[in-house]
Every structure is written in C-alpha cells, then in structure tokens.
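Coordinate inspection notes
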Amino acid sequence: MDFNIEKEEVAYFMRRLYTQQLTTTSGGNISLKSGDHILITPSQTDKARIKSAEIGILSITGENLTPQLKPSMESKMHLAIYNKRPDVKAIVHAHPVFATSFCISKKEIKTNLAGEAWAVIGTPVKADYRLMGTQDLAYVVSEASLNGNVILLENHGVLAVGSSLLQAYDRLEVTEAAAKMTFITDLLGERKELSEMELKEIDKLF
C-alpha cells in the first residue's frame, strides 16, 4: 500500500497548523492510523511547506517502514496512545501560544465559557512534565489520554486525539480558542460561566 491519500491529509493538516499559527516552523507533529500502520510527520522539516512525500510510515510496533525518512521524535508518544486507545485514529500535537501558556502557568483553561468549547473538548486533562521524545513522556501522556481527548503537557504543549484528523485538529484549535477566551475574560475581570445544568443540556445534544 502506498497510502498516498492518507499522506496528503497528514501533510495538509500540518500545513494548516502552521498557517493558523498553532505551531512553529519546527514544532508539532501529526499522525494518522491506517490499519496496522501509522503515518507520521518527520523531524526537522519546514512545517509550512511539508509535502506528502515527506510523511513517514511506521508499523504499530514502531518499525520505521520508510528508513529514508526520520520520523518525529515524538513517535513513541503517538504509538503509546494508539496502543492504549484503540478508538483513536489520529493525533495532533502542537505548541499554540495561549494554550501552552496555561500548561506553564498551571492555571486552568475554562471550557465552560462557550458552548462550542464544552461540546468539542469537554475538560482537558494534564500530563506531568517529562523530557521531550522520551519513553517517560510517552507513558505519562498515553496514561492521561485514558481520561480525556485533549492533554495539556506541562511546560510543553497540547495534544489532541480523535477518530479522524479533522476531529483531532478541531479539538486542538478549539482548545487554543478557549485559552484565549479564558485569558481575555481574566483581563476583563468579569465573566459568566455556563452552569452545570447548561453544560448537561449541551452534553445531551452530543
């Protein structure tokens, strides 16, 4: 299998992350599970211009099936999540400025300010700091993924999972929007949060 369509999708969403200022030139990584294969963005690539030919392929056990390409340094983290969450088909990890600031400050991103945030991401979960690219990071983040679909990595960034690339991307983008709303309403000094009853009404819609 050549996975041309899947590679195009992974490259497209990586470029979209950069265009939407949700990551930097060298930051972030995206993967997509297709059967027993994982398509993943490479390390040290210009994320603004990444092409499908640069997307690597791993086996579900981590074997690099495209040895001419260097897969993301966070491949271990992606593989660990796929192994613990069979429902997950896509992972988007990036360092959006506002949401990542909350990962650093330890203040909570309020997802109960607007209906979209609650409907799309619910309550983000947190993962303690571990050095990037390590098995320790893969373990703590994959464990956190058992409790939510958006994980805030302490002093690192944000990771979102989904049943598709669009869903995972949407969750990360909405997390950044919720972080901005939290920051702005903190500055304004007043805000109305949705009540528990109002949140339950949203849950019933989805």
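Please refer to the structure placed before this passage.
The structure contained in this document is the topic of the report that follows. (Residues numbered from 1 in each chain as written. Predicted model: local features only at pLDDT ≥ 70, side-chain atom pairs only at ≥ 80, totals over all residues. Heavy atoms only, no water.)

Some details on the side chain of serine 34
Here serine 34 shows up in strand E1 (residues 29-34). Judged by its relative accessible area of 18%, serine 34 is buried. With near-sequence residues (within four places) excluded, serine 34 lies in contact with Phe3, Glu6 and Leu39. (Helix = DSSP H or I, 4+ residues; strand = E, 2+ residues; numbered from the N terminus. Buried < 20%, exposed > 50% of the residue type's maximum accessible area, 1.4 Å probe, protein only. Contact = heavy atoms within 4.5 Å.)

Observations concerning the packing of aromatic side chains
Following the criterion strictly, the structure yields three aromatic pairs and no others. For the pair phenylalanine 13 and tyrosine 169, a centre-to-centre distance of 5.6 Å together with 50° between the ring planes defines the contact as tilted. Residue phenylalanine 13 is found in helix H1 (residues 4-19), and its partner tyrosine 169 is found in helix H6 (residues 165-188); the two are separated by 156 residues along the sequence. Among the aromatic residues, those joined into a cluster by ring pairs are Tyr12, Phe13 and Tyr169. (Phe/Tyr/Trp six-rings, centres within 6.5 Å; stacked < 30°, edge-to-face > 60°.)

A short note on the pattern of salt bridges
Under the definition given, this model contains nine salt bridges. Among the ionic pairs, lysine 106 bridges to glutamate 154, the shortest N-O distance being 3.3 Å. Taken together, the positions of lysine 106 in the loop between helix H3 (97-105) and helix H4 (115-121) and glutamate 154 in the loop between strand E6 (150-153) and strand E7 (157-162) put the pair 48 residues apart, joining distant regions of the chain. Measuring nitrogen to oxygen at the nearest pair gives 3.2 Å for the salt bridge that ties glutamate 198 to lysine 192. Given a relative accessible area of 29%, glutamate 198 falls into the partly exposed group. For lysine 192, a relative accessible area of 56% translates into the label exposed. Here the residues in one salt-bridge network are Lys110, Asp186, Arg191 and Glu193, joined through shared partners. (Salt bridge = Lys/Arg side-chain N within 4 Å of Asp/Glu carboxyl O.)

What about the pairing of strand E2 (residues 37-40)?
As paired strands, E1 and E2 are joined by four bridges and run antiparallel to one another. Directly across from leucine 32, in E2, lies its bridge partner leucine 39. Hairpin connection, E1 to E2: the antiparallel pair is bridged by two residues, and glycine 35 has positive phi, about 65°. In terms of strand pairing, E2 meets strand E3 (residues 56-59) through four bridges, oriented antiparallel. Directly across from isoleucine 38, in E3, lies its bridge partner leucine 58. (Pairing = 2+ DSSP bridges.)

Points about the packing of H3 against H6
Following both chains from N to C, one finds H3 and H6 inclined at 70°, their axes separated by 7 Å at the closest point. Comparing the axis directions of H3 and H6 gives the class roughly perpendicular. Where H3 crosses over H6, the handedness of that crossing is left-handed. Residues Val97, Phe98, Ala99 and Phe102 of H3 form the contact with H6, whose own contacting residues are Thr175, Glu176, Ala179, Lys180, Thr182 and Phe183. Considering only residue class, the contact of H3 with H6 consists of six nonpolar, two polar and two charged. (Axes fitted to C-alpha atoms, helices over the stretch in contact; angles between N-to-C directions. Parallel < 35°, antiparallel > 145°, perpendicular 65-115°, else oblique. Left-handed = near helix turned anticlockwise from the far one by under 90°. Nonpolar A, V, L, I, M, F, W, Y, C, P; charged D, E, K, R; others polar.)

Concerning the layout of surface pockets
Taken as a whole, the largest pocket spans an internal volume of roughly 280 Å³. Contributing to the lining of the largest pocket are 17 residues, with Ser26, Gly27, Gly28, Asn29 and Met73 lying nearest its centre. (1 Å grid on protein atoms, 1.4 Å probe; cavity = no way out; pocket = protein on both sides within 12 Å on 5 of 7 lines; lining within 4 Å. Points joined across faces, edges and corners; volume = space filled by probe spheres on them.)

Examining H6
Residues three or four positions apart in an α-helix share a direction because the helix packs 3.6 residues into each turn. Here H6 contains 24 residues, and its C-alpha end-to-end distance of 35 Å stays within 8% of the 34 Å for a straight helix at 1.5 Å per residue. Buried within H6 are the following residues: Leu165, Ala168, Tyr169, Arg171, Leu172, Val174, Thr175, Glu176, Ala178, Ala179, Thr182 and Thr185. (Expected span 1.5 Å × (residues − 1).)

Looking at the environment of serine 105
Turning to its location among the elements, serine 105 is positioned in helix H3. Judged by its relative accessible area of 43%, serine 105 is partly exposed. In the structure, serine 105 is positioned 100 residues away from isoleucine 5 in sequence and 39 Å away in space, judged by C-alpha atoms. Polar contacts involving the side chain of serine 105 include one to the main-chain amide nitrogen of lysine 107, which spans 3.2 Å. (Polar contact = N/O pair within 3.5 Å; in protein donor to acceptor, adjacent residues only side chain to side chain.)

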